[in-house]
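So you can see what is in the structure, the chains are spelled out below.
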Amino acid sequence: MIDIAIVGGGPAGLNAGLYAKRGGASVRLFEEMFTGGQIVKTHRVDNYLGFSDGPDGYTLGAAFEQHISKLGLEPDYTPVLKLELSDNRKVLTLPDGQVEAKTVILCMGASPRLLGAKGEDIYSGNGISYCATCDGAFYRDKTVAVIGGGDTAVSDAVYLSALCKKVYIIHRRDALRASELLQQSAFSKPNIEVVWNTTVEEFVGEQSLSGITLKDKLTGEIRTLNIDGAFVAVGIVPRTELIADQLALADDGSIETDKYMETSVKGVFAAGDIRNTPLRQVITACADGAVAASRALELC
Ligand code: NAP
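If you tally the helices and strands in the protein, you get 7 helices and 17 strands. What you see for the protein is a C-alpha radius of gyration of 21 Å, in line with the 19 Å of a compact globule of 300 residues. In terms of principal-axis extent, the alpha carbons of the protein reach across some 60 × 40 × 35 Å. Here the protein holds 300 residues, and 50% of them are scored as buried. Of the contacts formed within the protein by residues at least 6 apart in sequence, a portion of 60% connects residues at least 24 apart. For the protein, the exposed area adds up to about 14500 Å²; of that, 48% sits on carbon and sulfur atoms.

Here it is, written out as structure tokens:
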């Protein structure tokens with residue numbers, strides 16, 4: 001039996017690993033794909049203290065991993081297939097067997113939310129993307145739309161404005177949710193245009209996406225906007241499929257925790273975007289990981 005099993009290698013999981021390892025625990029950190037989490041899709045992290053030049057997310061994620069690697073913690077690149085979590089027993093099922101841990105820290109993060117508009121499934125990956133940093137280069141000198149009004153949508157639009165001829169932000173309200181600084185940056189770009197009070201009714205095209213059908217919520221007017229690509233950025237969904245009915249969840253599907261990041265099951269913690277948190281940032285995910293690991297150490 002190990003002391004601490006960490007599931008997920010984003011900022012929360014890596015920082016939990018750092019604290020757990022420094023605390024002398026036997027730790028394993030499981031990551032199914034690559035470390036860094038959602039930040040590897042971010043072209044610039046502007047608000048992580050100490051990095052005023054805004055490193056790209058990939059570089060920051062790699063620096064996090066190097067740090068834990070120096071302490072001797074290498075992530076296990078394997079999916080966790082099943083989690084059985086109770087006050088008395090915590091078992092992780094992997095492709096090649098099972099691991100039992102005294103404590104578990106859940107750091108699986110969140111995935112992009114689908115918009116749910118007609119045609120989204122048809123053109124997903126063929127004109128519709130959920131990651132501007134990954135796919136923006138395909139739309140060099142082209143016209144794109146970003147759907148959403150939060151930090152992700154507006155920062156994606158700013159990033160795309162340097163590559164694309166024209167960037168529309170399609171937002172369902174008359175005010176953006178994104179931070180003031182991001183908004184200022186977007187409004188200063190001559191090739192960004194915000195389409196207010198508008199919803200996407202349908203993604204249209206033939207072989208690939210060629211336009212979006214929009215509805216003006218104030219006038220009811222329906223029109224088609226010709227675009228080469230669409231970037232959907234309408235929020236995130238906590239990745240809780242592995243824990244299903246085992247832990248108490250908040251209304252938005254995130255995991256409820258106390259101030260120590262402990263969930264409704266003793267010795268099971270949640271940290272970062274997967275938990276019910278008022279702020280989803282790299283710095284808060286790292287802090288969650290640190291708090292969870294420190295408390296888990298006390299239980300080992
Ligand atoms: P978010 O803050 O939840 O914003 C989602 C946006 O999508 C909102 O503007 C929302 O509109 C819109 N939306 C949601 N459902 C929609 C639908 N069905 N149709 C049309 N529009 C819809 O999500 P996010 O921007 O992905 O950010 C997630 C978290 O990561 C946030 O905590 C954010 O602060 C953080 N983040 C931070 C940074 C940064 O600091 N640089 C960068 C990226 C993300 P309404 O406004 O009308 O609700």
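Once that is clear, we can look at the pairing of strand β11 (residues 192–195). The pairing of strand β10 (residues 166–170) with β11 spans 4 bridges and is classified as parallel. In the sheet register, Ile170 faces β11, and the bridge partner there is Val195. Each parallel crossover has a hand, and for β10 linked through helix α6 (residues 180–187) to β11 it is right-handed.

Turning our attention to the site of the ligand. Residues in close proximity to the ligand total 16 residues, the closest being Asn47, Asp151, Thr152, Arg173 and Arg177. Thr152 places a side-chain nitrogen or oxygen 2.7 Å from an oxygen atom of the ligand. At 2.9 Å, a side-chain N or O of Arg172 approaches an oxygen atom of the ligand. Compared with its free state, where it exposes 910 Å², the ligand has 76% of that area covered by protein.

Partitioning the protein into structural domains gives domain 1 (2–111 + 237–299) and domain 2 (114–232). Computed from C-alpha atoms alone, the centre-to-centre distance between domain 1 and domain 2 is 31 Å. The interface of domain 1 with domain 2 comprises 4 residues on the first partner and 7 residues on the second. In total, about 420 Å² of surface goes out of reach between domain 1 and domain 2, with carbon and sulfur atoms giving 60% of it.

Inspection of the secondary structure puts His43 in the loop between β2 (27–31) and α2 (57–70). Within the structure, the side chain of His43 is placed 3.2 Å from the backbone oxygen of Ser155, a separation counted as a polar contact. Apart from residues no more than four positions distant in its own chain, His43 is found in contact with Pro55, Asp56, Thr133, Ser155, Asp156 and Tyr159.

The rules we used
- Residues numbered from 1 in each chain as written.
- Predicted model: local features only at pLDDT ≥ 70, side-chain atom pairs only at ≥ 80, totals over all residues.
- Heavy atoms only, no water.
- Helix = DSSP H or I, 4+ residues; strand = E, 2+ residues; numbered from the N terminus.
- Rg over C-alpha atoms; globule rule 2.2 N^0.38 Å.
- Buried < 20%, exposed > 50% of the residue type's maximum accessible area, 1.4 Å probe, protein only.
- Contact = heavy atoms within 4.5 Å.
- Areas by Shrake-Rupley, 256 points an atom, 1.4 Å probe, with all protein chains shown as cover.
- Pairing = 2+ DSSP bridges.
- Right-handed = clockwise from strand over helix to strand, strands pointing away.
- Near = heavy atom within 4 Å.
- Polar contact = N/O pair within 3.5 Å; in protein donor to acceptor, adjacent residues only side chain to side chain.
- Domains from an automatic or database assignment.
- Buried area = accessible area lost by both parts, 1.4 Å probe.

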